[in-house]
Amino acid sequence: VLDNTGKVSIAEKKLYCPGTIIQVVQTEVTTASDVNSGALTADTDYTLMSRTITPTASSSKVLIMATLYTEISNSQYDGLFGKLMRDSTQICLGDAAGSRNRASFMFPNASVANRPVETTIHYLDSPSTTSEITYAVKVRDESGTGASVFFNRGSVDTDNDAQYRLASTLICMEVAG
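Residues numbered from 1 in each chain as written. Predicted model: local features only at pLDDT ≥ 70, side-chain atom pairs only at ≥ 80, totals over all residues. Heavy atoms only, no water.

1. Examining the overall build of the protein
To keep things clear, this is the line we draw: Only runs of H or I of at least four residues qualify as helices and only runs of E of at least two qualify as strands under DSSP, and these elements are numbered from the N terminus. Contacts are assigned to residue pairs with any non-hydrogen atoms lying within 4.5 Å of each other. Here the open area of atoms and residues is found with the Shrake-Rupley method and a 1.4 Å probe, where only the protein chains shown may cover a residue.
Helix and strand counts for the protein come out as 0 helices and 11 strands. In the protein, the share of contacts with a sequence separation of at least 24, taken over all contacts with a separation of at least 6, comes to 83%. Carbon and sulfur atoms form 47% of the exposed surface of the protein, whose accessible area is close to 9,600 Å².

2. Observations regarding the nonpolar core
To keep it simple, the criterion reads: What makes a nonpolar core is a set of buried Ala, Val, Leu, Ile, Met, Phe, Trp, Tyr and Cys residues whose side-chain atoms join them at distances within 4.5 Å. With a 1.4 Å probe rolled over the protein chains alone, any residue whose accessible area is under 20% of its type maximum counts as buried; one over 50% counts as exposed, and the rest are partly exposed.
Formed by 24 residues in total, the largest nonpolar core has its most connected members in I64, L68, Y135 and V137. Counting only elements with at least two residues in this core, the list comes to strand 1 (21-29), strand 3 (46-53), strand 4 (61-72), strand 5 (80-86), strand 9 (133-141), strand 10 (149-151) and strand 11 (168-175).

3. Some details on the pattern of salt bridges
Formally: The rule for a salt bridge is simple: a side-chain nitrogen of Lys or Arg has to be within 4 Å of a carboxyl oxygen of Asp or Glu.
Per the stated rule, a full pass over the model turns up 4 salt bridges. With a closest N to O distance of 3.4 Å, R153 and D34 form a salt bridge. Within this pair, whereas R153 is found in the loop between strand 10 and strand 11, its partner D34 is found in strand 2 (residues 33-35), the two being separated by 119 residues in sequence. For D34, a relative accessible area of 40% translates into the label partly exposed. Across the pair D125 and R86 runs a salt bridge whose closest N-O atoms are separated by 2.7 Å. Of this pair, D125 sits in strand 8 (residues 117-125) while R86 is found in strand 5, placing the two residues 39 residues apart along the sequence. Pair check on accessibility: D125 and R86 agree, each one buried. What emerges from the salt-bridge pattern is a single network uniting D34, R153, D157 and R165.

4. Things to note about the side chain of D125
This is how it is decided: Any pair of N or O atoms that falls within 3.5 Å is considered a polar contact. Within protein, one atom must be able to donate a hydrogen and the other to accept it, and sequence-neighbouring residues count only if both atoms are side-chain atoms.
On the accessibility criterion, D125 (2% relative accessible area) is buried. Within the structure, the side chain of D125 is placed 2.7 Å from the side chain of R86, a separation counted as a polar contact. Side-chain polar atoms of D125 contact the side chain of Y135, separated by 2.6 Å.

This is the structure in structure tokens:
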């Protein structure tokens, strides 16, 4: 709308220019936690973090960007997979091939104790809805051996200045379609 002074005003959420960011929501997880081997098995998904967003148009896409800090209890462990979820549906997953695991990402192994590693995830989703959506980052032990996973901290957590706490983030950005 052009007013009598020559200024342009736009009604809230009414301008859609493909590729522009309409809204941004973020979750920052600063809590340090661990999932022990009793809780993390092949039949269990453990949610590390989640965030809801309500798209303003069904043609919108949602850019998901997550940064996680984790450490696995065994540096030789190779079966810890991550899942990116839209509500109850796994998204961004590898092709089906025989009995191979289909994951969104894999957590890297750290060969040095008490050194969490950074995992980043970027994915542009097309949810085709204007209903509220919950995006979540989950971890799963596909081998079933039950690893311990430390989130936002190292496996050694003594109270001294050689140890640290980290913050993981999940950002969801609605992109006009």
